[in-house]
Amino acid sequence: MSDEPQPQQPTQGWAPREPEAAAEPPAKPKRPKRTGWRRIIPTWRMVLGTFLIGVLLLAGLFFLGYSMVKIPAANAFATKQSNVYLYADGSQLARDGEVNRENVSLAQISKDAQHSVLAAEDRDFYSESAIDPKAMLRAGWNTATGKGKQSGSTITQQYVKNYYLAQEQTVTRKVKEFFISIKLDRTESKDQILEGYLNTSYFGRNAYGIQAAAQAYYGIDATDLDAAKGAYLAALLNAPSEYDVVAHPENKAAAQARWNYVLDGMVTKGWLSASDRAGTKFPMPKEATVSTGMSGQRGYIVDAIKDYLTENKILDKDQLAVGGYRITTTLQKTKQNAFVDAVNDQLMDKLDKKNRKVDTYVRAGGAAVDPKTGKVVAMYGGIDYVKQYTNNATRGDFQVGSTFKPFVFTAAVQNDSVTQDGRTITPNTIYDGTNQRPIVGWDGGTYAPENEDQGSYGNITVREATDKSVNSVYAQMAVDVGSDKVKQTAIDLGIPANTPDLTASPSIALGPSTASVLDMAEAYATLANHGRHGTYTMIEKITKDGTNAIELPAKKTGQAVSREAADTTTSILQSVVEGGTATAAQAAGRPAAGKTGTAEEDTAAWFAGYTPDLATVVSVMGQDPVTAAHKSLYGAMGLQRINGGGAPTEIWAQFTKDALKDEPVTDFDLELQPGADVVQPPVTDVPTDPGTADENTGGTTGDTTGGQDTEGQTEGQTGDPSTGTTDGTTGDTTTGGTTGTTTTGGDTTTDGGTTDGTTGDTDGGDTATGGTTGDTTGGDTGGTTGGATTGVGPQLTTRRQ
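Cut-offs applied
- The residue numbers shown here count from 1 along each chain, following its written sequence.
- Local features in this predicted model are restricted to residues of pLDDT 70 or higher, and side-chain atom pairs are both shown and tallied only at a pLDDT of 80 or more, whereas totals for entire chains, interfaces and linings draw on every residue.
- Values reported for side chains reflect all heavy atoms of the structure, with hydrogen atoms and water molecules removed beforehand.
- Under the DSSP-based scheme used, a helix requires at least four consecutive residues in state H or I and a strand at least two consecutive residues in state E, with every element numbered from the N terminus.
- Any residue under 20% of the maximum accessible area for its type is buried, any over 50% is exposed, and the rest in between are partly exposed; the area is computed with a 1.4 Å probe on protein chains only.
- Positive charges come from Lys and Arg, negative ones from Asp and Glu, while His and the chain ends are left out of the count.
- Just to be clear on terms, a salt bridge is a Lys or Arg side-chain nitrogen sitting within 4 Å of an Asp or Glu carboxyl oxygen.
- Note on definitions: a residue-residue contact is assigned when non-hydrogen atoms from the two residues lie within 4.5 Å.
- Angles here are taken between N-to-C directions and fall from 0 to 180 degrees, while the axes themselves are lines fitted to C-alpha atoms, restricted in helices to the stretch in contact.
- For classification purposes, an angle smaller than 35 degrees is called roughly parallel, one larger than 145 roughly antiparallel, one from 65 to 115 roughly perpendicular, and anything else oblique.
- Two helices crossing with the near one rotated counterclockwise from the far one by less than a right angle form a left-handed crossing, whereas a clockwise rotation gives a right-handed crossing.
- Residues are sorted three ways: Asp, Glu, Lys and Arg are charged, Ala, Val, Leu, Ile, Met, Phe, Trp, Tyr, Cys and Pro are nonpolar, and all the rest, Gly among them, are polar.
- If DSSP finds at least two bridges between two strands, the strands pair.
- Residues forming no salt bridge and having over 30% relative accessible area are the ones grouped into patches, like charges within 9 Å of each other and nonpolar side chains (Val, Leu, Ile, Met, Phe, Trp, Tyr) within 5 Å.
- Under the convention used here, a 1.4 Å probe and the Shrake-Rupley method define accessible areas, while residue burial counts only the protein chains that appear.
- Think of a nonpolar core as a cluster: buried Ala, Val, Leu, Ile, Met, Phe, Trp, Tyr and Cys residues, connected wherever their side-chain atoms sit within 4.5 Å.
- We call two N or O atoms a polar contact when they sit within 3.5 Å, provided that within protein one can donate a hydrogen and the other can accept it, with sequence-adjacent residues counted only if both atoms are side-chain atoms.

### Examining the side chain of Asp 467
Consideration 1: Mapped onto the elements of the fold, Asp 467 is located in helix 16 (residues 462-467).
Consideration 2: Although buried, Asp 467 forms no salt bridge, and the nearest oppositely charged side chain, Lys 468, lies 5.8 Å from it.
Consideration 3: Asp 467 has contacts with Ile 572, Ser 575, Val 576, Gly 580 and Thr 581, leaving out every residue within four places of it along the chain.

If you want it as structure tokens, here you go:
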């Protein structure tokens, strides 16, 4: 066998082949088709896809809603508040406005009250987001399963509903609430949201906000709420009407259960200790009071304050209409009550409206001002605001009458005025008080005013003329001073320049002007304050929404008239109380000064008076309740007439006594004008032509010798000042003159005065002794009155009547 390799022989049946392609994988077996009930079960792929699509869709809708829903302006109702008016001591006087709400800051709500509300409504408020999905789902489930409707809203959502939206239960509102809550949670702090919620929530008893609720249920401010009271108010949020245990005592058990729930929640959150919780008793709220609105004096006071605010440009009507202002007034509650009592006791309780028609006309107005501060401390506007709408303290349509006369005398002293014959006008200057005596020195025509009841007084001092309210004297004095100066003095004292019928004429002295009671009180307060005037004020302070203080105008004070002018006026007004037309004012039991007044036809009777500590003006007015026409008060109270010395002075006395009962008695500290106690008799040899003096130039008038009733005026006032001779006439000591008894040889003696005349043949006399004598002629009177004068003798000092 050969060693060479032998070729291999192919095996039988072998043949070369082309390379084969790669083998194809085996086909997947087809899934069997889903049949039967399996067809309704989604596959996991379907579930996942649907979930992803849903998430994307929800995200899209969320961002779409978030971008489209804006935080709107607050709804109109949520921003409405009442204005709260307070007495000077902080107690509530009145509320006005459509909505009983008073917004306060969170700092003005006690921590106990805050925690109570959180425990009741949203215990995780400060740590959770604006939306609580679990609570929403739980509320929905409970509602669906019949466990009662429950709110799944957070405090943020509830605030959004209260403040920005409405209360309707719609999907649209819920969607808006959802998105606004989220946005609000990003733009406002938790404290701001809680504050807003507490100010907008409804607590029942028509109280919106926790401050109004605290007042409605407990008569206190929100800052004074303790845990027990706060928990009860918080319980009310769940069912405001049903849980009012006073209105619905049958629901007390349910209300107490809710109250316990709130307190337990406070313990759980650590806001209340277990020991304090154990000692907490259910705080029964006070009886619900029926809203009296503006009844009684409240309406008058609120109207007066609103007028004051707008007239002084502190707040306008639109601002007041929005509300939210807390206005502390200067009115003092005890004095206010005392005024009402005095009017009732001295006037209203004495009326018989069933049997005396005139008694139905009777109205009263009053105002009291602290002279030192100008603060109005009390005001009487009428019997009841809802029965008599017009405020009798601020109305300006009744004549002030003789209460204006003191301003005439004040003007005389202020301007160093003199009578026409050159005598300085003082309390003891003598005037002719004859009824219907024509005024001298007025160039506007004949004017001869009547005295009350046609009384004629002859020679009379200014002091006595004030006591008796003699028109003829004061009309003449107005001309002597200058009626334009009288008008200006009245304005300086506090009478508004635009007061109707405040005209510069002799009649100004008789009080035809129609200043209000409050205006007169301001003017008399200036006299009481020694002539220093400050515009009256009714406001202590104002805040907006509990915190923001409203700036008040600076108080302007100044010396309106000299102290001597004011104090000398006070001295003659003291005489009016001591022995004049206002003796009833002595019942106040304090040093007092004042003046009575009566309007024409007795349509109004006044008394304006003051002590060193309080100036008060009272007016009793007559007005037809149907036609509003002014009516005379003849026969009212069963009296022949009502004058200033009657009911007005009696009201003044009772009020003043009660208003000052806790204050020490103080006397007037007066600085009088020089010569205030020296009598200045008149001259009679002055021109008789009423137009010979011009009052506007300061010319004055005295007593004339022609056409006048001079009885008792010129007796005993004889002599020629240049020669000192006398006629030996007699004088009437009651009018301030001297008496002289003529003796042979010309010796004259005087009686009834404070000085004795000299005797003998002298030239010039000694004026320092108060009387001169000369060579008498045996008592030649030369007149019809038993000794008419031909001149004025030296100044005499006599006793004051």
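Here the narrative resumes.
### Quick word on the packing of helix 15 (residues 405-414) against helix 19 (residues 517-528)
Consideration 1: Packing of helix 15 against helix 19 leaves a shortest axis separation of 11 Å and a crossing angle of 40°. One finds that helix 15 runs oblique with respect to helix 19. With respect to the hand of their crossing, helix 15 and helix 19 are arranged in left-handed fashion. Taking contact as the criterion, the partners of Pro 406, Phe 407 and Thr 410 in helix 15 are, on helix 19, Met 520, Ala 523, Tyr 524 and Leu 527.
Consideration 2: For the contact of helix 15 with helix 19, the per-class residue count stands at 6 nonpolar, 1 polar and no charged.

### Considering the pairing of strand 12 (residues 593-598)
Consideration 1: For strand 12, a buried count of 5 out of 6 residues is recorded, marking the element as mostly surrounded by other parts of the structure.
Consideration 2: The pairing of strand 12 with strand 13 (residues 604-610) spans 6 bridges and is antiparallel. By the bridge assignment for strand 13, Lys 595 is matched with Ala 608.
Consideration 3: Hairpin connection of strand 12 to strand 13: 5 residues between the antiparallel strands, including Glu 601 at a positive phi of 60°.

### Section: a nonpolar patch on the surface
Consideration 1: Taken together, the side chains of Leu 48, Phe 51, Leu 52 and Val 55 define a hydrophobic patch exposed on the protein surface, amounting to about 370 Å² of accessible area.
Consideration 2: As for its position among the elements, Leu 52 is in helix 1 (residues 44-68).
Consideration 3: Residue class for Leu 52 comes out partly exposed when judged on its relative accessible area of 45%.

### Here we look at the nonpolar core
Consideration 1: Counting 117 residues, the largest nonpolar core has Leu 347, Phe 407 and Met 477 as its most contacted members.
Consideration 2: In terms of residue count, the dominant contributor to this core is helix 19 (9 residues).
Consideration 3: Other than its neighbours up to four places away in sequence, Met 477 contacts Val 408, Phe 409, Ile 425, Tyr 431 and Val 462.
Consideration 4: By size, the runner-up hydrophobic cluster in this structure holds 49 residues, among which are Ala 119, Leu 198, Ala 213 and Ala 228.

### Points about the side chain of Ser 402
Consideration 1: Here Ser 402 shows up in the loop between strand 5 (376-380) and helix 15.
Consideration 2: A residue is classified by how much of its surface remains accessible, and Ser 402, at 8% relative accessible area, is buried.
Consideration 3: A polar contact is formed between the side chain of Ser 402 and the side chain of Ser 469, at a distance of 3.0 Å.
Consideration 4: Not counting residues up to four positions away in its chain, the partners in contact with Ser 402 are Ser 469, Asn 471, Leu 510, Lys 595, Thr 596, Gly 597 and Thr 598.

### Here we look at the packing of helix 3 (residues 111-121) against helix 7 (residues 190-200)
For any two helices packed against each other, one specifies the crossing angle of their axes together with the interaxial distance.
Consideration 1: One way to put it is that helix 3 packs onto helix 7 with a least axis distance of 12 Å and a crossing angle of 85°. On the basis of their axis angle, the class for helix 3 and helix 7 is roughly perpendicular. From helix 3, Gln 114, Val 117, Leu 118 and Glu 121 reach across to helix 7, where they touch Leu 194, Tyr 197 and Leu 198.
Consideration 2: Across the contact of helix 3 with helix 7, the residue classes tally to 5 nonpolar, 1 polar and 1 charged.

Keep in mind these numbers describe shape, not what the thing actually does.
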